[in-house]
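Structural overview for review
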Protein chains: 2
Amino acid sequence: MRSISVIGIGETKMGKLANRSLRDLVKEAGSKAIADAGIEKETIQALYLGNFNSSCLCGQSLTSALAAEELGLGSIPTVRTEAACASGGAAFRMAYLAILSGVYDIAIVGGVEKMTHREGAVVTAGIATAMDYGAETQAGMTFPGLFAMIANRYFYEYRDVKKEMGICAVNAHSNAMLNPDAQLPKELTLEKVLSAELIAYPFSQYDCSLVTDGAAFVVIAAEDAIGAEQRKRAVRVIGSGHGGDVLRLTEKGSLTSFLATKKAAGDAYGMAGIRPQDVDFAEVHDCFTITQIINTEDLGFFASGRGGDAVAGGITARDGKMPINVSGGLKAKGHPIGATGISQMFEVVTQLRGEAGERQLKQADIGLTHNLGGAAAACLVHIFQGR
Amino acid sequence: MRSISVIGIGETKMGKLANRSLRDLVKEAGSKAIADAGIEKETIQALYLGNFNSSCLCGQSLTSALAAEELGLGSIPTVRTEAACASGGAAFRMAYLAILSGVYDIAIVGGVEKMTHREGAVVTAGIATAMDYGAETQAGMTFPGLFAMIANRYFYEYRDVKKEMGICAVNAHSNAMLNPDAQLPKELTLEKVLSAELIAYPFSQYDCSLVTDGAAFVVIAAEDAIGAEQRKRAVRVIGSGHGGDVLRLTEKGSLTSFLATKKAAGDAYGMAGIRPQDVDFAEVHDCFTITQIINTEDLGFFASGRGGDAVAGGITARDGKMPINVSGGLKAKGHPIGATGISQMFEVVTQLRGEAGERQLKQADIGLTHNLGGAAAACLVHIFQGR
């Protein structure tokens, strides 16, 4: 099997970027990734772009061609992938498999979303398209409501982890304060979280990820096709897994463990030949605080129903034994939907290179990204190893 | 290189299907393809779905998970690809490369679009998202207007082919009368076309493809992974090419030859080791009649500026030397946008198997599909060979 690595990364600052267009965001992040790779852009053979819903939010489909145009990549093939919030991870998987096939040697993979310019109701409706329209959206469901039901079921099957969910949020904001790209680098206290007004029991706003504009790109290449200079800083993809599940919540086998994650993680660990405990740190899809806890269980870091204990024990904190979302995560770095899966990789690669500055982890040899779409109907897991 | 074949095909009738949902369409076409392949659905390892804009037109994103749920495919990985009108071809390319990589052996690839339930202005706006929003959509451009400019430029650089464009439409409708899945199987006369009211010079409505509901699916597999029964009817993918181009019309090097097609066709012919004249028949992307003429030139069937002569000489007719769009094409079979690239394959595979009934071509050993997205900003070309 061909050895494939990430050789360049770039992202924008995440946030409410009123004066920046889709084109601007793509240009900044993509150009940074190409410059970071230190390659001529003429050597890039294909572009894959994760983008969730610029069709509705920006009146713009075919965003992959827009990105290639903006980056001056000529007539290379491009495609947009959409798997709701896992659109970025899916784009990476498509590029990875294409290089594995031998048809391409070097590709660029990005993600972008521009959301904050639309009013709240439009954004909420745009995001709600990732549910089942007939059974859920039309019934008035929103994603906070949907994941709140999941949290309630978790409380019922295991125990009330509202306090631990709060600690997830506190940790995320603490981490974000060390990430210059983060949207909300503000200190948050557990008292503030626990006394906040509820929006959908057991969630307050502090349990929800952010609405974010931003873009992130990586350059991915076969190691047999790159020079010595690129190889020095290359971060190897040692595992890739992709899982799915039914769209409708009512059809799922469990609300407290996600089949899509189990399948993706199983495949990724199998390919890498490692166990969950070999992973040093992970960026997991914390669209809501309960989701972070469930994800860390599904990924095998903690036993089912014990993810909250790990949070309470400080294990998932930046200085814990299994740091989760050192970037600040979707909760505090931000959640530019189509870009999120790639931005997770930006963090993991930065850590594995030892270039994370103030938030650099001491133990960072193997890192994992976990990107979830819709009501856990799609999941991408990737495992990376540094030099 | 792994030998990869289409082993099953299925599609719905195309048209204004008022009582059918996205789920219905996907279920019918997908189930037909699986039944046609004669495999157990448990052997399918991944699903790829071309879908252009159900996000805006149906309030439904993550349509790939919806499709897998409807087809009962469990937790297999799914992804939606979007490259405007080339979304279906792009889905097929992703599946092809994934199987080529060795990670999967059998995948299902579909396309779906549900459009006719929305009012005309909403459909027009939904389609217009495939242009550049800033430079084109906001200026009031529509696709008929955009391709009419292309036709005018073609007239300027070569000659007026309005009559030949009309013959394209007449041929398409004649072919559609023999296709039970076609949306408009109605006889059309050249007199009627040429006397029709113009909507954007030189186009009348008869120069434009249709607004269509429909779905099409294929099952694709590595030949080393299928049984003797499947191998008997398998149609081999001998060439796959994917090209791109800038999104904005003003940035293109030419309006009368599409760089994306040239790149995709060059790669597909190179992989297949054949020349354009070795192709027996083709389904090309006739979103507008002028596009069919340009495509047949870009694909190397005819010299630049001579595509109209070929049409006038009967060469592209069903009984001609290079039959184009025997299915009826986007013009008369219909254009269910995300499904179009897969529906083209449905026709080519049907012909290569000798199962096309009344519209069966005598010479059908090698067939080609050409699927174009946006203002020719994406193109997929695939070449198939029968047994």
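Up top is the structure these notes are about.
Let us look at the structure shown here.

The rules behind the values
- Residues numbered from 1 in each chain as written.
- Chains lettered and ligands numbered in written order.
- Predicted model: local features only at pLDDT ≥ 70, side-chain atom pairs only at ≥ 80, totals over all residues.
- Heavy atoms only, no water.
- Contact = heavy atoms within 4.5 Å.
- Buried area = accessible area lost by both parts, 1.4 Å probe.
- Salt bridge = Lys/Arg side-chain N within 4 Å of Asp/Glu carboxyl O.
- Helix = DSSP H or I, 4+ residues; strand = E, 2+ residues; numbered from the N terminus.
- Nonpolar A, V, L, I, M, F, W, Y, C, P; charged D, E, K, R; others polar.
- Pairing = 2+ DSSP bridges.
- Buried < 20%, exposed > 50% of the residue type's maximum accessible area, 1.4 Å probe, protein only.
- 1 Å grid on protein atoms, 1.4 Å probe; cavity = no way out; pocket = protein on both sides within 12 Å on 5 of 7 lines; lining within 4 Å.
- Points joined across faces, edges and corners; volume = space filled by probe spheres on them.
- Expected span 1.5 Å × (residues − 1).
- Least-squares fit on C-alpha atoms with pLDDT ≥ 70 in both.
- Disulfide = S-S within 2.5 Å.

Moving on: the interface of chain B and chain A. Size of an interface: often given as the accessible area lost when the parts come together. Taken together, the 54 residues of chain B in the interface contact 54 residues of chain A. Around 4,200 Å² of area is buried between chain B and chain A when both sides are counted, 58% of it from carbon and sulfur atoms. Together, B:Leu62, B:Glu69 and B:Glu82 form the three largest contributors to the area buried by chain B at its contact with chain A, with a combined 16%. Where chain B packs against chain A, one counts 6 salt bridges. Across the salt bridge formed by A:Asp132 and B:Arg23, the nearest N and O atoms sit 2.5 Å from each other. Considering each element in turn, the side of chain B that touches chain A owes the most residues, 6 residues, to helix 4 (residues 87-100) of chain B. Broken down by class, the residue content of the side of chain B that touches chain A amounts to 27 nonpolar, 17 polar and 10 charged. In the sheet, strand 3 (residues 78-82) of chain A pairs with strand 3 (residues 78-82) of chain B via 3 bridges, with the strands oriented antiparallel.

Residue and element names in this part refer to chain B. The buried fraction of strand 3 is high, at 5 of 5 residues. Here strand 2 (residues 46-50) runs beside strand 3; their pairing, made up of 4 bridges, is parallel. For Tyr48, the partnering residue across the bridge sits in strand 3 and is Val79.

Attention shifts here to empty space enclosed by the protein. All names here are of chain B. Using the criterion set out here, one finds 4 cavities of 30 Å³ or more in the structure. Counted as a void, the largest cavity has a volume near 50 Å³. Lining of the largest cavity is provided by Cys168, Asn171, Ala172, Asn175, Gln292, Thr316, Ile324 and Asn325. A per-element tally of the lining of the largest cavity places helix 7 (residues 162-176) first, with 4 residues.

Moving on: helix 7 of chain B. Helix length check: helix 7 of chain B, at 15 residues, gives a terminal C-alpha distance of 21 Å against a target of 21 Å (1.5 Å per residue), a fit within 8%. Judged by how many residues are buried, helix 7 of chain B sits mostly within the fold: 13 of 15 residues are covered.

What follows concerns the relation of the copies chain B and chain A. Note on the copies: chain B fits chain A at an RMSD of 0.0 Å, the axial shift is 0.0 Å, and the rotation between them is 180°. Such a combination of turn and shift is consistent with a two-fold rotation axis. Across chain B, the smallest distance between a C-alpha and the rotation axis is recorded for B:Ser101, namely 1.9 Å.

Let us now look at the state of the cysteines. A disulfide bridge is the covalent bond that connects two cysteines by way of their sulfur atoms. All names here are of chain A. Scanning the entire structure with this criterion turns up 0 disulfides over all chains. Its sulfur unpaired, Cys287 is 6.5 Å from the next cysteine sulfur, which belongs to Cys85. The buried category is assigned to Cys287, whose relative accessible area is 8%.

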